[in-house]
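Listed below, chain by chain, are the residues.
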Amino acid sequence: QPEMVESGGGLVQAGGALSLSCKHSGRAFITYPAGWFRQAPGTEREFVASIDWDSSSTDYADSVKGRFTISRDNSKNALYLQMNDLKPEDTAVYYCNRLWKSEPLDAPWGQGTLVSVSS
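Residues numbered from 1 in each chain as written. Predicted model: local features only at pLDDT ≥ 70, side-chain atom pairs only at ≥ 80, totals over all residues. Heavy atoms only, no water.

J.: Describe unusual backbone geometry, and please don't skip the residues or the numbers.
T.: Each neighbour pair has its own omega, and for Ala107 with Pro108 the value is 0°, a cis peptide bond. In the Ramachandran plot, Asp85 falls in the positive-phi region, its phi being about 50° despite a non-glycine side chain. Exposure remark for Asp85: the relative accessible area of 41% places this residue in the partly exposed category. (Buried < 20%, exposed > 50% of the residue type's maximum accessible area, 1.4 Å probe, protein only.)

The structure is reproduced here in structure tokens:
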């Protein structure tokens, strides 16, 4: 089964920036839309951003629009999330996944990468 490995998280002050990366092991990665999700302590995992297989369209949660940018490099089976102007409420473990009809496709999820934003 495909494996997803997220990286790039860390501790940053409010207003700062981080760049997350996701490496997907499956050869079929390039033919699917993909997305980022996050889960804060005590909450459900939520959608953050998605990108079509050919980068032709993107979508963002209202809470991150204008601050986060999703991109992908199919030659590297990689997905990225540039996060600017970070806020304490962005604190969460961030995960990537392929998408099928806008829903996460692969299971189990990767280990995620922790983003902590201090005020």
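That shown, we press on.
J.: Any details on the side chain of His24? Residues and values, ideally.
T.: Mapped onto the elements of the fold, His24 is located in strand β3 (residues 18–24). By relative accessible area, which is 2% here, His24 ends up buried. Side-chain polar atoms of His24 contact the side chain of Asp106, separated by 2.9 Å. Sequence-distant contacts of His24, defined by excluding residues within four places in its chain, comprise Pro2, Glu3, Met4, Phe29, Asn77, Arg98 and Asp106. (Helix = DSSP H or I, 4+ residues; strand = E, 2+ residues; numbered from the N terminus. Polar contact = N/O pair within 3.5 Å; in protein donor to acceptor, adjacent residues only side chain to side chain. Contact = heavy atoms within 4.5 Å.)

J.: So, the side chain of Glu6: which residues are in play, and what are the values?
T.: Tracing the backbone through its elements, the reader meets Glu6 in strand β1 (residues 4–7). Within the buried set, Glu6 has no salt-bridge partner at all; the shortest N-O distance to an opposite charge, 7.3 Å, is to Arg45. Looking at Glu6, its side chain comes within polar contact range of the main-chain nitrogen of Gly112, at 2.9 Å. Here Glu6 is in contact with Ser21, Cys22, Trp36, Tyr94, Tyr95, Cys96, Gly110, Gln111, Gly112 and Thr113, once residues within four sequence places are set aside. (Lys, Arg positive; Asp, Glu negative; His and termini not counted. Salt bridge = Lys/Arg side-chain N within 4 Å of Asp/Glu carboxyl O.)

J.: So what's going on with the pairing of strand β8 (residues 78–83)? Residues and values would help.
T.: Note that β3 and β8 share 6 bridges and pair antiparallel. Its bridge partner being in β8, Cys22 is matched across the sheet by Leu79. The pairing of strand β7 (residues 68–73) with β8 spans 6 bridges and is antiparallel. By the bridge assignment for β8, Thr69 is matched with Gln82. (Pairing = 2+ DSSP bridges.)

J.: How would you summarise the environment of Pro2 if you had to cite specific residues and measurements?
T.: Of note, Pro2 is situated in the segment before β1. Assessed through its relative accessible area of 25%, Pro2 is described here as partly exposed. Sequence-distant contacts of Pro2, that is, excluding residues within four places in its chain, are made with His24, Ser25, Gly26, Arg98 and Asp106.

J.: Residue-level account of the environment of Ser71, with values.
T.: Tracing the sequence through the fold places Ser71 in strand β7. Of the residues examined, Ser71 reaches a relative accessible area of 31% and is grouped as partly exposed. Residues Ser71 and Arg38, 33 residues apart in the sequence, show an inter-C-alpha distance of 17 Å. Contacts of Ser71, omitting those with residues within four sequence positions, involve Ile51, Leu79 and Tyr80.

J.: So what's going on with the pattern of salt bridges? Residues and values would help.
T.: Tallying each qualifying case throughout the model produces 5 salt bridges. Arg38 is the salt-bridge partner of Glu46, the closest N and O atoms lying 2.7 Å from each other. Of the charged contacts, one joins Asp90 and Arg38 as a salt bridge, the two residues approaching to 2.9 Å between their closest N and O atoms. Remark: Arg38 occurs in strand β4 (residues 34–39) and Asp90 occurs in the loop between β8 and β9 (92–100); sequence separation between them is 52 residues. For Asp90, a relative accessible area of 1% translates into the label buried. A relative accessible area of 6% places Arg38 in the buried class.

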